[in-house]
There are 2 protein chains.
Amino acid sequence: MSISSRFAVGIHILTLIEFNKEGVTSSEFLASSVNTNPAVIRKLMGMLKKAGLIEVNPGIAGAKLAKELSDITLFDVYKAVNVVQEKELFSIHETPHPNCPVGRNIQNTIEPIFTAAQLAMEKVLRNVTLEDVVKDIATKENIC
Amino acid sequence: MSISSRFAVGIHILTLIEFNKEGVTSSEFLASSVNTNPAVIRKLMGMLKKAGLIEVNPGIAGAKLAKELSDITLFDVYKAVNVVQEKELFSIHETPHPNCPVGRNIQNTIEPIFTAAQLAMEKVLRNVTLEDVVKDIATKENIC
DNA sequence: AATACATGTAATCATAATTGTTACAGATAC
DNA sequence: GTATCTGTAACAATTATGATTACATGTATT
């Protein structure tokens, strides 16, 4: 099991909008860089727009960032593209048998541990911004 | 997307083996508590056995723990039941376009961040043992 | 040996999520 | 009005999950 690549593609989209900020960043342009279908990109753009991360309008070509680079964390993107729900990174079997001491308690015992693990993962994402990503790529391209 | 309930069920199995340590813990008995099919349990028992967490033998009813409770972490169970591969909690789109500065760098830039997030999650699992789980349930049952 | 019962394992199925594809409606600019 | 873009829905291919059935294999008991 893996978390959907919508997350990675969402980061790609936002990063490329920044790199191409002087130009027009259409869904087709983005799709070419990501190597996927423009409709896939437009669906993701809709999610990013709904989350207030980009500005994009019907009929008008190109998307723009709606916030400062340093003000968008990877956690924001992660939430925007809806890859993992709150407290649902781990799934727990639904109906264990209530006549068994383990069966009737396992869910309540495990749930806070799973939630803590999920939060620890998400904390890492909160501590990385798009600015970090853009700068890292700029460094790799020697254009810093 | 959620991580397979094999993980939660694996914890359930090991915990119930401990609670029933005076008796015979067969796949049918476990299946009844988990509320699933015995064949599902036997498949998981095979994984737990392969990881050295339980002892179980063909033809002989019942499974036993192969280690001390305090010596089995939830991370051990997580690895045993094979729910998430190393560095693969997050998936990254495979073939971005190499002619684009973002396309040719995004994978290498994102991968260490994703790995760090996965490791943070797994660290929480490493710090919880089956003993913790068993004691928590015992407390809830007022049999501590 | 024969029987009963357990584990080990493969095949199959229903369901759900993901990703890509096509198509088209609606909005904008020229 | 035409061209171009976004927004969105419908559909298909692929994959993972979890349940189910069936049966081979191993052990204990009689």
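Please refer to the structure higher up on the page.
Asker: Looking at this structure, how should I read the overall build of chain A?
Answerer: Secondary structure assignment for chain A yields six helices and two strands. Start at the N end of chain A and walk to the C end: the helices and strands fall as α-α-α-β-β-α-α-α. Taken over the C-alpha trace, chain A has a radius of gyration of 19 Å; the compact-globule value for 144 residues is 15 Å, which it surpasses by more than 25%. Projected onto its principal axes, the C-alpha coordinates of chain A cover approximately 65 × 35 × 25 Å. Buried positions account for 47% of the 144 residues belonging to chain A. Contacts spanning at least 24 positions in sequence make up 62% of the contacts within chain A whose residues lie at least 6 apart.

Asker: Looking at this structure, I do not really get the protein's contact with DNA strand D. What am I missing?
Answerer: If you check the shell around DNA strand D, you find 23 residues, and the closest are Ser27(A), Arg42(A), Ser4(B), Ser5(B) and Thr36(B). A share of 64% is what sugar and phosphate atoms reach among the atoms of DNA strand D within 4 Å of the protein. With respect to DNA strand D, the side chain of Arg42(A) contributes an N or O atom lying 2.9 Å from a base nitrogen. Listed by contribution, the elements that provide at least two residues to the surface near DNA strand D are helix 3 (38–50), strand 1 (54–57) and strand 2 (60–65) of chain A together with helix 3 (38–50) of chain B. Tallied by class, residues from the surface near DNA strand D come to nine nonpolar, ten polar and four charged.

Asker: It is not clear to me how the relation of the copies chain B and chain A should be interpreted in this structure. Could you clarify?
Answerer: The two chain copies are related to each other by a rotation about an axis together with a translation along it. Superposing chain B onto chain A requires a rotation of 180 degrees together with a translation of 0.0 Å along the rotation axis, leaving an RMSD of 0.0 Å. The transformation relating the two chain copies, once decomposed into turn and shift, fits a two-fold axis. Closest approach to the rotation axis within chain B is made by the C-alpha atom of Met121(B), at a distance of 2.4 Å.

Asker: Teacher, can you tell me more about the packing of aromatic side chains here?
Answerer: Enumeration according to the criterion identifies ten aromatic pairs over all chains in this entry. Centre to centre, the rings of Phe7(A) and Phe90(B) are 5.7 Å apart; their planes meet at 55 degrees, and the pair counts as tilted. Residue Phe7(A) is located in helix 1 (residues 6–19), and its partner Phe90(B) is located in the loop between helix 4 (74–80) and helix 5 (106–126); the two belong to separate chains. Residue Phe7(A) shares its accessibility class with Phe90(B), and that shared class is buried. Ring geometry for Phe114(A) and Phe7(B): centres 5.1 Å apart, planes at 25 degrees, overall stacked. A residue pair is termed interchain when its members come from two chains, as with Phe114(A) in helix 5 (residues 106–126) and Phe7(B) in helix 1 (residues 6–19). Per residue, the accessibility class of Phe114(A) equals that of Phe7(B), and both read buried. Over the ring of Phe75(A) we find Arg126(A); its NZ or CZ atom is 3.8 Å from the centre of that ring.

Analysis parameters
Residues numbered from 1 in each chain as written. Chains lettered and ligands numbered in written order. Predicted model: local features only at pLDDT ≥ 70, side-chain atom pairs only at ≥ 80, totals over all residues. Heavy atoms only, no water. Helix = DSSP H or I, 4+ residues; strand = E, 2+ residues; numbered from the N terminus. Rg over C-alpha atoms; globule rule 2.2 N^0.38 Å. Buried < 20%, exposed > 50% of the residue type's maximum accessible area, 1.4 Å probe, protein only. Contact = heavy atoms within 4.5 Å. Near = heavy atom within 4 Å. Polar contact = N/O pair within 3.5 Å; in protein donor to acceptor, adjacent residues only side chain to side chain. Nonpolar A, V, L, I, M, F, W, Y, C, P; charged D, E, K, R; others polar. Least-squares fit on C-alpha atoms with pLDDT ≥ 70 in both. Phe/Tyr/Trp six-rings, centres within 6.5 Å; stacked < 30°, edge-to-face > 60°. Lys NZ or Arg CZ within 6 Å of the ring centre and 35° of its normal.

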